[in-house]
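# A structural walkthrough
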Amino acid sequence: MAKIGSFLVLISLACSLTLCICDDEENNYGGDRGNLFPGFYSRSCPNAEEIVRSVVAQAVARETRMAASLMRLHFHDCFVQGCDGSLLLDSSGRIVTEKSSNPNSGSARGFEVVDQIKAALENECPGIVSCADALTLAARDSSVLTGGPSWMVPLGRRDSTSASLSGSNNNIPAPNNTFNTILSRFNRQGLDVTDMVALSGSHTIGFSRCTSFRQRLYNQSGNGTPDTTLEQSYAANLRQRCPRSGGDQNLSELDINSAGRFDNSYFKNLIENMGLLNSDEVLFSSNEESRELVKKYAEDQEEFFEQFAESMIKMGNISPLTGSSGEIRKNCRKINS
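What counts, and where the lines are drawn
Residues numbered from 1 in each chain as written. Predicted model: local features only at pLDDT ≥ 70, side-chain atom pairs only at ≥ 80, totals over all residues. Heavy atoms only, no water. UniProt positions renumbered as here; feature names shortened; annotations may be inferred. Disulfide = S-S within 2.5 Å. Helix = DSSP H or I, 4+ residues; strand = E, 2+ residues; numbered from the N terminus. Buried < 20%, exposed > 50% of the residue type's maximum accessible area, 1.4 Å probe, protein only. 1 Å grid on protein atoms, 1.4 Å probe; cavity = no way out; pocket = protein on both sides within 12 Å on 5 of 7 lines; lining within 4 Å. Points joined across faces, edges and corners; volume = space filled by probe spheres on them. Patch = residues over 30% accessible without salt bridge, like charges linked within 9 Å, V, L, I, M, F, W, Y side chains within 5 Å. Areas by Shrake-Rupley, 256 points an atom, 1.4 Å probe, with all protein chains shown as cover. Salt bridge = Lys/Arg side-chain N within 4 Å of Asp/Glu carboxyl O. Lys, Arg positive; Asp, Glu negative; His and termini not counted. Charge placed at Lys NZ, Arg CZ, Asp CG, Glu CD. Expected span 1.5 Å × (residues − 1). Arc of directions from axis to C-beta. Contact = heavy atoms within 4.5 Å.

Looking at an unreviewed UniProt entry, the protein carries the name Peroxidase, with the source organism given as Arabis nemorensis. What UniProt states about the protein under its Catalytic activity (unreviewed entry) heading is, verbatim, "2 a phenolic donor + H2O2 = 2 a phenolic radical donor + 2 H2O".

Here it is, written out as structure tokens:
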């Protein structure tokens, strides 16, 4: 009888330990932000992360630029109503799509890849993995596939049944914003200056349209003169691709040295006054705290990678829908009902 009692005590302790481990995992990865945690689909859809990774890998193999595009979708989604997949919705009925906002119109891309991810997930485990989680995982995988850091993604987000065109127009920083405006928009989401500088480092990959940086080349302050903080030979090269009028869709690398590789070259460019967008260069030219962060990340890629991963987790935890809130969309472009 004593042996049986001892056995039951051990079983009880084991169960308690298992519960503690699960609780700790949830607490460490957003228990205060809707109970997001990395193992959310471990039983309901154990292959979810591998499915997302496979589709993203194929897309990036076809076009390296897609990695930057998917990261940008995640960023633009999270800054409007939280990370809820609202950006993925097309206009339909009462939904007015965020895709037509100033920050997204003509530039947000990668929606077809998200569609492919969702179709593969639905084929494996119907109605289980949200579009919001799929996009969050795709952003992480985009970093890894271009040489950047990896991190454990807290999961369990649900999808919104609404979108906010006004939120997209008002919450997402613009390429020509001042430092203080950009910081205030990050602060509004619970992100600080360290997060802002680290997350801006995602501009180490990808491209930007002429219309996003033309002002710096020809009329920075509204008086017909260029931005004097822009390195002159770099500016001359940019003018060849981006004329005073026309060529709005012409592309230039956000990181002139390694647009297809996720590294810390972006920060080195800022120190050389070779940041493409005004919103990039002000990180070095307009604020002492952010300037020191730029210098630190330029000198230490590992430090940048560690902070980028931490800040991506933090951004991914902005106002998630969990529990019975929202829904799990069958099609990322439209609500279920």
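Once that is clear, we can look at the state of the cysteines. A complete count under the given rule lists four disulfides for this structure. There is a disulfide in this structure between Cys45 and Cys125, and the S-S distance comes to 1.8 Å. Placement of the pair is Cys45 in the loop between helix H1 (2-28) and helix H2 (48-62) and Cys125 in the loop between helix H4 (111-124) and helix H5 (131-145), with a sequence separation of 80 residues. Across this residue pair, the class does not change: Cys45 and Cys125 are buried. Each sulfur of the disulfide joining Cys210 and Cys242 lies 1.9 Å from the other. With the S-S bond torsion at 70°, the cross-link from Cys210 to Cys242 turns out right-handed. Placement of Cys210 in helix H9 (residues 210-218) and of Cys242 in the loop between helix H10 (232-241) and strand S2 (251-253) is noted, with a sequence separation of 32 residues between them. The same class applies to Cys210 and to Cys242, which are both buried. For the protein, numbering the cysteines in disulfides from first to last along the sequence yields the connectivity 1-4, 2-3, 5-8, 6-7.

Quick look at the layout of surface pockets now. By volume, the largest pocket is sized at about 1,200 Å³. Around the largest pocket sit 49 residues that line it, and Arg72, His76, Pro175, His203 and Leu277 are the ones nearest its centre. Of all the secondary structure elements, the ones that give two or more residues to the lining of the largest pocket are helix H3 (65-78), helix H7 (179-187), helix H8 (193-200), strand S1 (207-209), H9, helix H12 (278-285) and helix H14 (301-316). No other element matches the eight residues that H3 contributes to the lining of the largest pocket.

Turning next to a negative patch on the surface. A grouping of Glu299, Asp300, Glu302 and Glu306 is seen on the molecular surface, where their side chains present a negatively charged patch. Its place among the elements puts Asp300 in the loop between helix H13 (288-299) and H14.

Turning our eyes to something else, we now look at H2. For H2, with 15 residues, the first-to-last C-alpha span of 22 Å sits near the 21 Å given by 1.5 Å per residue. Every buried residue of H2 is listed here: Ala48, Ile51, Val52, Val55, Val56, Ala59 and Val60. The arc enclosing the buried residues of H2, seen along the axis, measures out at 155°, which places them on a common side. Lining the buried residues of H2 we find H3, H4 and H5.

Relative to the helices and strands, Phe186 is located in helix H7. Distance in space between the C-alpha atoms of Phe186 and Ile172 is 8.6 Å, their sequence separation being 14 residues. With near-sequence residues (within four places) excluded, Phe186 lies in contact with Phe75, Phe79, Pro173, Leu191, Met196 and Leu199.

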